[in-house]
Amino acid sequence: RYKDNRGKTKIPNYHEMFNCVDKIALTKENQDDINVVIFQSSIDDSNEFYIFDFQIEKVIISRTDTTISDDEIVGVTNETIKDGIIGLFETYDVYAWRQNETVAEYTETNEGDTGGTMRWYLKIQFVDGKMYRLYGSTLTDETAPENFDLFVEELKALATSSANE
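Residues numbered from 1 in each chain as written. Predicted model: local features only at pLDDT ≥ 70, side-chain atom pairs only at ≥ 80, totals over all residues. Heavy atoms only, no water.

Draft legend 1. Examining the confidence of the model for the chain more closely. In this model, the chain carries an average pLDDT of 79, and 72% of its residues clear a pLDDT of 70 or more. Looking at the elements of the chain, mean pLDDT is at its lowest for strand β1 (residues 2-4), recorded as 42, and at its highest for helix α2 (residues 79-91), recorded as 96. Low pLDDT (under 50) marks residues 1-6, which in the prediction has 26 contacts with non-local residues, meaning those over four places away or in another chain. Note that pLDDT drops below 50 for residues 101-114; the model gives that stretch 14 contacts with residues more than four away or on any other chain. (pLDDT = per-residue confidence, 0-100. Helix = DSSP H or I, 4+ residues; strand = E, 2+ residues; numbered from the N terminus. Contact = heavy atoms within 4.5 Å.)

Draft legend 2. Structural detail: a negative patch on the surface. On the surface, Asp32, Asp33, Glu79, Asp83, Glu90 and Asp128 cluster together into a patch of negative charge. One can find aspartate 128 in the loop between β7 (118-126) and β8 (131-137). (Patch = residues over 30% accessible without salt bridge, like charges linked within 9 Å, V, L, I, M, F, W, Y side chains within 5 Å. Areas by Shrake-Rupley, 256 points an atom, 1.4 Å probe, with all protein chains shown as cover. Salt bridge = Lys/Arg side-chain N within 4 Å of Asp/Glu carboxyl O. Lys, Arg positive; Asp, Glu negative; His and termini not counted. Charge placed at Lys NZ, Arg CZ, Asp CG, Glu CD.)

Draft legend 3. Region of the structure containing the nonpolar core. Formed by 31 residues in total, the largest nonpolar core has its most connected members in Phe52, Ile85 and Phe151. Among the elements of the structure, β3 (34-43), β4 (46-53), α2, β7, β8 and α4 (148-161) are those that each provide at least two residues to this core. Among the elements that take part in this core, α4 stands out by supplying six residues, more than any other. Residues Tyr14, Phe49, Ile68 and Ile73 belong to the second largest nonpolar core, which totals 10 residues. (Core = buried A, V, L, I, M, F, W, Y, C linked by side-chain atoms within 4.5 Å. Buried < 20%, exposed > 50% of the residue type's maximum accessible area, 1.4 Å probe, protein only.)

Draft legend 4. Local environment of the pairing of β3. Buried residues dominate β3, accounting for nine of its 10 residues. Where β3 and β7 come together, nine bridges link them in antiparallel fashion. Its bridge partner being in β7, valine 37 is matched across the sheet by isoleucine 124. Of the strand pairs in this sheet, β3 and β4 are connected by eight bridges, and their pairing is antiparallel. In the strand pairing of β4, phenylalanine 39 is matched with tyrosine 50. (Pairing = 2+ DSSP bridges.)

Draft legend 5. Structural view of the packing of α2 against α4. Following both chains from N to C, one finds α2 and α4 inclined at 180°, their axes separated by 10 Å at the closest point. In terms of axis orientation, α2 runs roughly antiparallel to α4. The segment α2 lies against α4, with Ile81, Gly84, Ile85, Leu88 and Phe89 engaging Phe151, Glu154, Leu155, Leu158 and Ser161. Grouping the amino acids of the contact of α2 with α4 by side-chain chemistry returns seven nonpolar, two polar and one charged. (Axes fitted to C-alpha atoms, helices over the stretch in contact; angles between N-to-C directions. Parallel < 35°, antiparallel > 145°, perpendicular 65-115°, else oblique. Nonpolar A, V, L, I, M, F, W, Y, C, P; charged D, E, K, R; others polar.)

Draft legend 6. Layout of the packing of aromatic side chains. Evaluated as defined, the whole model comprises eight aromatic pairs. When the ring of phenylalanine 39 is compared with that of phenylalanine 151, the centres are 6.4 Å apart and the planes differ by 75°; the resulting orientation is edge-to-face. Of this pair, phenylalanine 39 sits in strand β3 while phenylalanine 151 sits in helix α4; the two residues are 112 residues apart in sequence, bridging distant segments of the chain. A residue is classified by how much of its surface remains accessible, and phenylalanine 39, at 0% relative accessible area, is buried. Taking relative accessible area as the criterion, phenylalanine 151 reaches 0% and is therefore assigned buried. Ring geometry for tryptophan 97 and phenylalanine 151: centres 5.0 Å apart, planes at 80°, overall edge-to-face. Here tryptophan 97 is found in the loop between α2 and α3 (102-109), whereas its partner phenylalanine 151 is found in helix α4, with 54 residues between them in sequence. (Phe/Tyr/Trp six-rings, centres within 6.5 Å; stacked < 30°, edge-to-face > 60°.)

Draft legend 7. Region of the structure containing α2. Between its first and last C-alpha atoms α2 spans 18 Å; for 13 residues at 1.5 Å apiece the expected length is 18 Å, and the two agree. Every buried residue of α2 is listed here: Ile81, Lys82, Ile85, Ile86, Leu88 and Phe89. The arc that holds every buried residue of α2, seen down its axis, measures 150°, which confines them to one face. Set apart from the buried face of α2 by more than 90 degrees, the exposed residues are Glu79 and Thr91. Of the surrounding secondary structure, the elements contacted by the buried residues of α2 are β3, β4, β7 and α4. (Expected span 1.5 Å × (residues − 1). Arc of directions from axis to C-beta.)

Structure follows, in structure tokens:
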């Protein structure tokens, strides 16, 4: 699972990792057991991945989740970063977020054009290997979770601040 990609650091293929079938909910009871947190946003053909891997203690900002180079490692994970992520889950009540099918419905009715809408994915692997996955879009204010933009802004700030830790 952890293999050499394009650099010297052994970095997993996160895409393969999240094909696991053992899915569980994110709760306040299991939030301390997070092992990997990935936030992916896609606008048209542009992808951006913010990866917090507590097993290899790396923070990664990349355009892919399969082959990651050493120069995409922007910082280290630690308890401060983990507490910051858990704090965001609590502040923005991520536990209450629900799956959003609007992207698929809109894409079908508009011949694949999402008009610059951000599609997003939140993926969490726990220390026992089980997964939490959620996705949605910002197609309209009604389809995005409440204060979603603030959540994203603060999560990205955590990733970039990890370089200073």
